[in-house]
Amino acid sequence: MGQNPTSQKDTDSIPPSQRLTAGDPADGPHSPAPGTPTPSLVMPEPLPSQSDGPSSHAPIPLTPSLSAPGILRRIDRADLIRIAVVVACAIIVLFQVEWPSPRLPVVALIGLVVGLWPIMVEAWHDLRQRRMSMELSMLIAIVAAAAIGEWVTALVVCAFVLAAEILEDLTMDRGHDALTDLMSFLPTDVRLLGEGGQTTTVPLDQVRVGHVIVVPPGGKLSVDGEVVIGESSVDQSRITGESLPVEVGVGHAVFAGSVNQTGLLHVRATRVGAESSYGQIVESVKQAQSSRAPVQGLADRLAAYLVYVALAAAIVTLIVTHDWRSTISVVLVAGACGVAAGTPLAVLAAIVRSARHGAFVKGGVHLEQLSSVDTVVFDKTGTLTIGQPRVVKVRPVGTLPKSSSLSTSSLAQPALATADTTTTHATPNTTPSAPSITTPSAADILRYAAAVEAGSEHPLGVAIFDHARRLGLTLPVAEDFAYTPGLGVAAVVEGHRVSVGKAPDHGRRGGDPTMTGQGGIGPTTPGQVDDEPASSDQVDDHPSSSGQVDDDSVTTQVHVTVDGQVVGIIALADTVRDSAAQAVADLQAMTIRTIMLTGDRADVARAVGKQVGITDARGGLLPDEKLTVIDAERADGHRVAMVGDGVNDAPALAHATVGIAMGSGTEIARHSADIVLISSDLDDLAAVIDTARRARAIVWFNFVGTLIVDAIGMGLAAFSLIGPTTAAAIHVVSETAFILNSARLLPHRR
């Protein structure tokens, strides 16, 4: 998209109030009724002064961004000097400079003291902790080599060990860089909108919920919030993993960590600091660095066991062969640093990669548990579906007498069936209809119903108004608005009394007695209006191919009457998320069972389950009954992940092996869960499970690979097939290879 021509003056003030119509694409879902001026923005509370108390929202800790220095600049200069001294001493001794004697060459002693100093410090620390470590075993082997006169071997092995330490530090730094990259991305200052439309630059930690920030093209969003003015394309790849920019406008949610690309945006903050989506990701990665997954404890124990095995094998070798070179080689070849260091690196890398996929994992233990999940249980409303009603069909079902002047020709066009891509503006036809019997168009029915519902706060009323707005309909003005409990809402529109809700003679017509007024209408079937001929002129804005449950038995139906005559039915239903079916298919391709649990009716559960590909769909369940299902699955030996979004899902989220909450869900659901899907995109669920499984596979590959390499190496060393230098080289190469294997999970820096 092209750059919006926005002047500096425009960026520093709020545009004047605008009159909004239902056809204005920038309207939010709760926009005022057509023809009314936009209310002015409510200014947030004044900024706290420096003397105010501490912030109620902890800011995200920021560190300076690291540049991309060369490899040499990232290595401690003292380490490079130490290796250079050791190598130089080895070369001098190799040329037989052995003063004062071959048994005690001063040059070799200097090289070993310089090279072994950091190793000795670490080994002494391990001894005080009564812990066997690789540093201690390497120190023993190097000292033993020197004791038998293998000075060159001792120096070369010492150089290898120092080089291995540097390589390990460089690789682990990539994991730390991943966190630093996250923490340093957000701006430290933001432009805050104040009284009179003026902007002030303030530190990020002074922004509060309710403040409005100004984000220019190219700027970074520093808070979660809602767009209140402007339209733009936003790059959310760092927070949701979405590769393409997302178009946003008034009423759309945006996330901290996104980059505004084209237009000026005014965003009202809803979550700031550590409570924002980006802040929670940073916190989860920091926790991953400080907490330990169970597999990390196993890695540490394996490393210690390998040292004991190597020392025991060395003693046996010495007893059997009386060969000190072989004995030293056995100790040198064994190494478990690739496991001890590679395991936490793999866990950290997987958590950072998951964050890039739009999910934050609250610790390595949850990632490890997720990798073994074999069953995923979904809530329905707000999880598999968006949790909001939408108009799925408008069907004319009645006729009007000649006396009615309702237009029937203004918008009866096939283009309305693809209203998401076609915008049609209409004006009411004031010419009385000529035929003696008229059939209103679906568009006319929707115009009149939306006009009546323009000021409604009821979810179904808002859905009807939003649907008319998306179609680009110009709405007439409604007057004399009235609400009748049990029946619905009514108003005078273009001289006609229009009612939206229950049919006026609903009881006689055999309708569902559970229907309630103003959109609180229970599911009905088309046959309930049996004496009103259905028309093929229908507005269907959400066909089943785009995520809608195309089943009249599970829709909520609203009757529209004009002057006491039912003229149409508007069917509404919750909409299945676009990503739901593919996510379920991806999980099933991983041989993961899928179950859906919902408090909604069983027929609704079956219809949604059929559409997304879940055969085990259970309806009519209370929260404690969902919990019973989770406990039963775990009792049967299944490792269960529960995906939900509401307060009623919190107990099940806590009882599951892994609880996964939708980012759009309630606070209690997000706090009860172990993992949160920031963008509520279910594609992220399959991605994070795949990442967890990859991390587990890498860790176990390192485990098995280390055991095999050490076993073969110790065997070759015991039979004198390799010497100390070769043994040390095998140790360093294998250790580096396994650490680099873990580093493969680290995402590329952006």
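Our structure's up above, just so we're on the same page.
No experiment lies behind these values; they were computed from the predicted model shown.

**Looking at the nonpolar core**
If you look at the biggest cluster of nonpolar residues, it comprises 102 residues, and the most contacted ones within it are Val 376 and Phe 378. Tallying contributions element by element places helix H21 (residues 683–718) first for this core, with 11 residues. Ignoring sequence-local partners within four residues, the contact set of Phe 378 consists of Thr 383, Leu 384, Val 584, Leu 587, Thr 594, Ile 595, Met 596, Leu 597, Ile 614, Val 643, Leu 682 and Leu 685. Of all hydrophobic cores here, the second largest spans 30 residues; its members include Ala 442, Tyr 448, Leu 473 and Leu 475.

**Remarks on the sheet that holds strand E4 (residues 224–229)**
Taken together, six strands build an open sheet; the order of strands is E2-E1-E3-E9-E4-E7 and the sheet is antiparallel. One side of each edge strand has no neighbouring strand; the edge strands of this open sheet are strand E2 (199–203) and strand E7 (253–254).

**Quick look at the state of the cysteines**
Scanning the model with the defined rule gives zero disulfides in all. In this structure Cys 89 is not part of a disulfide, and its nearest cysteine sulfur, from Cys 158, lies 9.9 Å away. By relative accessible area, Cys 158 is classed as buried at 0%.

**Here we look at the side chain of Asp 674**
Inspection of the secondary structure puts Asp 674 in the loop between helix H20 (667–672) and strand E24 (675–677). One buried charged residue, Asp 674, remains without a salt bridge, the closest side chain of opposite sign being Lys 362 at 6.6 Å. In this structure, Asp 674 is in contact with Phe 360, Val 361, Lys 362, His 366, Thr 657, Val 658 and Gly 659, ignoring residues within four places of it in sequence.

**Some remarks on the pattern of salt bridges**
Overall, the coordinates contain 14 salt bridges when judged by the stated rule. Across the salt bridge formed by Glu 150 and Arg 325, the nearest N and O atoms sit 2.9 Å from each other. Placement of the pair is Glu 150 in the loop between helix H5 (134–147) and helix H6 (151–183) and Arg 325 in helix H10 (residues 324–333), with a sequence separation of 175 residues. Relative accessible area serves as the criterion here: at 35%, Arg 325 is assigned to the partly exposed category. Residue Asp 379 pairs with Lys 626 through a salt bridge whose shortest N-O separation is 3.0 Å. Of this pair, Asp 379 sits in strand E11 (residues 375–379) while Lys 626 sits in helix H18 (residues 623–635); the two residues are 247 residues apart in sequence, bridging distant segments of the chain.

**A few points about helix H4 (residues 106–128)**
At Leu 116, H4 shows its maximal bend, which comes to roughly 50°, and the proline Pro 118 appears one to four places after that position. Among all positions of H4, only Ala 108, Gly 111, Leu 112, Gly 115, Leu 116, Ile 119, Ala 123 and Asp 126 are buried.

**Overview of the sheet that holds strand E8 (residues 259–260)**
Across a sheet, strands are paired by hydrogen bonds formed along the backbone, either parallel or antiparallel in direction. Spatially, E6-E5-E8 is the arrangement adopted by the three strands of the open sheet, whose pairing is antiparallel. Edge strands, defined here as strands with exactly one partner in the open sheet, are strand E6 (246–248) and E8. By the bridge criterion, three bridges tie strand E5 (residues 232–235) to E6 in an arrangement that is antiparallel. Paired with Ser 232 across the bridge in E6 is Val 248.

Each value, and the rule that gives it
- Residues numbered from 1 in each chain as written.
- Predicted model: local features only at pLDDT ≥ 70, side-chain atom pairs only at ≥ 80, totals over all residues.
- Heavy atoms only, no water.
- Core = buried A, V, L, I, M, F, W, Y, C linked by side-chain atoms within 4.5 Å.
- Buried < 20%, exposed > 50% of the residue type's maximum accessible area, 1.4 Å probe, protein only.
- Helix = DSSP H or I, 4+ residues; strand = E, 2+ residues; numbered from the N terminus.
- Contact = heavy atoms within 4.5 Å.
- Pairing = 2+ DSSP bridges.
- Disulfide = S-S within 2.5 Å.
- Lys, Arg positive; Asp, Glu negative; His and termini not counted.
- Salt bridge = Lys/Arg side-chain N within 4 Å of Asp/Glu carboxyl O.
- Bend = angle between axes of the 7 residues up to and from the residue.

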